[in-house]
There are 2 protein chains.
Amino acid sequence: MVGYKEVVPRRPMTRRVTLEEVARAAGVSRATVSRVVNGVASVDENIRHAVEEAISDTGYLPNLAARSLVTRRADAVALVLPDEDRVLGDPFFGRVVRGVMTVTAPAGLHLVLTTTGVGTGEQVVSDLSRGRLDGVILIHTSRNDPLPGRLVDGHHPVVLSARPPSPLPITYVDVHQISGAALAAQHLRHVGRTRLATIAGPQDTPAGQDRLRGFLAAAGTGTPWADGDFTMAGGETAMTRLLADHPGVDGVFVASDLMARGALPVLRRAGRRVPEDVAVVGFDDSSAALDCDPPLTTVRQPTEDMAAEMARLLVRQIEHPDTPVAAVIFQPTLVVRHST
Amino acid sequence: MVGYKEVVPRRPMTRRVTLEEVARAAGVSRATVSRVVNGVASVDENIRHAVEEAISDTGYLPNLAARSLVTRRADAVALVLPDEDRVLGDPFFGRVVRGVMTVTAPAGLHLVLTTTGVGTGEQVVSDLSRGRLDGVILIHTSRNDPLPGRLVDGHHPVVLSARPPSPLPITYVDVHQISGAALAAQHLRHVGRTRLATIAGPQDTPAGQDRLRGFLAAAGTGTPWADGDFTMAGGETAMTRLLADHPGVDGVFVASDLMARGALPVLRRAGRRVPEDVAVVGFDDSSAALDCDPPLTTVRQPTEDMAAEMARLLVRQIEHPDTPVAAVIFQPTLVVRHST
DNA sequence: TTGTAAGCGTTATCAG
DNA sequence: CTGATAACGCTTACAA
C-alpha cells in the first residue's frame, strides 16, 4: 500500500437550526412548528404558511435523535445475514436487499446490515432494547440459532425468511416448497421422463423435508431418492449412489442448485448426456444454476416480492406491536433452461 | 401468493430501565452511573463496583437516542452503492461489505445500506444534517454525480472508492491503476507474447485513462488500442475493430473483465484460440472473469483491505473533523487463470 | 471524587 | 387552534 496525503484543511461546520429558532422566526410557538413539520391537520392555513416559509428560510431540519428520544422509534431495521462468505456475493442477496429497500426506503427506514457472527445476536438484541433498532429481518437462520427464540421472548418485531426449524410463534415468509417440488415432477413428466428419482435435502430442515415430500407425492411414493446435505459434495455423493442403485433413471429432481452442480459431472462421467439421457431440475435459481453445464432448469422463488413482503410484515409489527404472528406463503415458478 | 395467519397474541413489552433507577438502586447520582457506563477513570473502586452490580441487577441498557441527542453522534455510517442491478449481486460488493464491517462492527457503528437513486443524494445529505448519519462511504460514484461535491461543501465526513472524476478535495482510496496495467503487460510478455494490443476503457474516466496510459508505458507507446466503454457490447465492438486492423495480435489487455467477456467470443468466431493463439488479460477480477470461457486471467484489487481502509479513513474524519483530505493507493495483483 | 443542575431538540398533554 | 410546560434519558460543566 502506497499512501500520500494532500493537506487541505476543512472549514468549520455550519451551525444547526432548531425548532426554537423557526418558531421565533415565524412568531409562533415550538409546538405549532412541530405540528406543521409533522403534518398535523389542525393548523390554521395562514400560520402553516408562515411556518413553512420560516422553515425554508432558516433551512431547518429536525434533529432525529431528539425525535427518537420522545417517540421511542429508531426508524431503522436490521437485515441479518448468515456470514458465510458466499451469501454476500450471491445474486439472491442482491434481490433480497432490493426487495426490502422498496419498502424501507419510502418509509424513511434505515436498513442496517449485519451478519450472524460471534456476539452478533447479542448486538442485535441489545440494539433493539436500547432503541437503536425497531425490528429485524432474519435471513436463512440456521437450525440451532438461538436468535429467533430470543427475539420472540423479548417481544421484538421480527420476520424470518423461511419457516423456522423448530416451531416458534414467529412471523415468516416462505415459498410453497411442496408445490415447487411438484412443479419439478410435472415438468419432468412433461418432457417425457418416466423413471424419476430425486436427491433430497437434509431431512432435519423444513425445506429438505417439504421438497422431498412434495416430489414423492407428485412422482409416486415408490420414487427412489438419496439424501444430500445441500452442498455440492453431497450432491455428488448422492448422485453416485442413485446411479449405482437405479441406472435406468432418466429424470432427476435435485433439491438445491448447489447439489445439482455437484451431481451433473457424475452423470457426465457415467456417460449420461444431460438432458438427452437424463433430465435434471434444480431448486433455488441461485447463481449455481447458471454455473451449471448445461444451465440448469430450476424452481425459482419470487425473492424480491418475498423480501418486500418481509419488510411490510415487519413494519406492521413495528407500528402495531400486537399484530398476530403470521406466515405468508408464495408460489414458486419453474425456470426452464437447458438441463431438461 | 397464498397467505394464512395463526393467531398468537404477543405479551406486552417489558418496561425500560433508566439511568435514574440504576442510580437509585446503587445509592448514587445519575452522573456517577453515567461515568461508570462510559468508563470514566475517576470513579472510586467501591462505588464503581456497586454501580456495576446495580446495572446488571436491573438489566440496564443505555438509551442511545438520548445519548445521541447530547453527544451529537449517530454512530451510524452509510454505504452508498450505485443502484445498477448487477452491483448488489457481484462478489465485489460482498467483499466491500465485509471489509467495511471489519472496522464498523467492532466500533459499534451501524452500517446503513443505500443505493444511488432519484432523491437518494438528498436523503443522505439530509440524514447527515439531521444527525442520523455520521459519515458516508461512496462506492463507484459516476462522473456527474453531484453528491461528492455536496458532501464536501457540507463538510460531511466522506470517503470515495476511487479517485473522483473531477478534482475535488475529497478523501479516497484507489488501486494503482497504472501498475495494474503494467502488470498485465509484463505478464503477457512473460508468456511469450510480442504483438500486444489493448482495449481501453472510456477515456473520460480516471480508471480508463490510467489503465491505458499504464499499458502503453509498459508495452510501448506504439501499441495499438481501441477504446470501449466498460460494457460487454463495447468490448465486442472494440475487439472486432482491433482484429480487423491488427490481425497478427497475440496478446491483449482488456481494461475490464466485462469488456473481456464481450471480446472473447469475437476472437473465437475469428478462429483464434484463447490462450493458444491470443492471450487475454482482464481487469477487476469481477464475477465476469469467472463467467468467461476460458476463465480470465485478470488484475485484482485488494477489495476487502481497501474497503476496511475506507472505513478507517471515515472513522478518523468523524472523530477528528479537521483531518486533512487524504488518498490511499493500493497495489493490485495479477490473478492467473486460463486465458493466458 | 461526587452530586447538582443545566441542557440536548423534540413531542405530547392540557389549558386557554 | 394555539401555547405553556412537562417529559424523553442521557452527558457534562460546575460546585462542593
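Here, every reference points to the structure presented above.
Treat the numbers as computed from the prediction; the structure is a model and nothing was measured. (Residues numbered from 1 in each chain as written. Chains lettered and ligands numbered in written order. Predicted model: local features only at pLDDT ≥ 70, side-chain atom pairs only at ≥ 80, totals over all residues. Heavy atoms only, no water.)

Visitor: Is there a simple way to think about the packing of helix H1 (residues 19-26) of chain B against helix H3 (residues 45-58) of chain B in this case?
Guide: How two helices sit against one another is set out by the angle between their axes and by the gap between those axes. Residues and elements named next belong to chain B. Relative to each other, H1 and H3 sit at 125°, their axes nearing to 9 Å. One way to sum up the angle between H1 and H3 is to call them oblique. Crossing angle aside, the handedness with which H1 passes H3 is right-handed. Contact residues: H1 offers Val22, Ala25 and Ala26, while H3 offers Ala50, Val51, Ala54, Ile55 and Thr58. Each residue belonging to the contact of H1 with H3 can be placed in one class, and the counts come to seven nonpolar, one polar and no charged. (Axes fitted to C-alpha atoms, helices over the stretch in contact; angles between N-to-C directions. Helix = DSSP H or I, 4+ residues; strand = E, 2+ residues; numbered from the N terminus. Parallel < 35°, antiparallel > 145°, perpendicular 65-115°, else oblique. Left-handed = near helix turned anticlockwise from the far one by under 90°. Contact = heavy atoms within 4.5 Å. Nonpolar A, V, L, I, M, F, W, Y, C, P; charged D, E, K, R; others polar.)

Visitor: Just to check I follow, could you spell out the protein's contact with DNA strand C for this structure?
Guide: In the vicinity of DNA strand C there are 29 residues, among which Leu19(A), Ser34(A), Thr32(B), Ile47(B) and Arg72(B) approach most closely. Among all atoms of DNA strand C positioned within 4 Å of the protein, those belonging to sugar or phosphate total 66%. One nitrogen or oxygen atom from the side chain of Arg67(A) is found 2.9 Å from a phosphate oxygen belonging to DNA strand C. At 2.6 Å from a phosphate oxygen of DNA strand C is found a side-chain nitrogen or oxygen belonging to Thr32(B). Of all elements in the fold, only helix H2 (30-37) and helix H4 (64-71) of chain A together with helix H2 (30-37) and helix H4 (64-71) of chain B reach the threshold of two or more residues within the surface near DNA strand C. With five residues, H4(A) is the largest single contributor of residues to the surface near DNA strand C. Among the residues forming the surface near DNA strand C, the class breakdown is 14 nonpolar, eight polar and seven charged. (Near = heavy atom within 4 Å. Polar contact = N/O pair within 3.5 Å; in protein donor to acceptor, adjacent residues only side chain to side chain.)

Visitor: Explain helix H10 (residues 206-219) of chain A to me, please; I cannot follow it from the model alone.
Guide: Given 3.6 residues per turn, any residue in an α-helix points the same way as the ones three and four places further on. All names here are of chain A. Its 14 residues give H10 an end-to-end C-alpha distance of 20 Å, which sits within 8% of 20 Å, the value for a rise of 1.5 Å per residue. If you check which residues of H10 are buried, you get Pro206, Ala207, Gly208, Asp210, Arg211, Leu212, Gly214, Phe215, Leu216 and Ala219. On the buried face of H10, the contacting elements are helix H9 (177-190), strand S7 (196-200), strand S8 (225-227), strand S9 (251-254) and strand S10 (279-283). Among the residues trailing H10, Gly220 stands out with phi positive, at a value near 115°. (Expected span 1.5 Å × (residues − 1). Buried < 20%, exposed > 50% of the residue type's maximum accessible area, 1.4 Å probe, protein only.)

Visitor: Looking at this structure, how should I read the protein's contact with DNA strand D?
Guide: Near DNA strand D, the surroundings consist of 27 residues, among which Arg35(A), Ile47(A), Arg72(A), Leu19(B) and Tyr60(B) are the closest. Restricting the count to atoms of DNA strand D within 4 Å of the protein gives a sugar and phosphate share of 64%. At 3.2 Å from a phosphate oxygen of DNA strand D is found a main-chain nitrogen or oxygen belonging to Ser29(A). A distance of 3.0 Å is found between a base nitrogen of DNA strand D and a side-chain nitrogen or oxygen belonging to Arg30(B).

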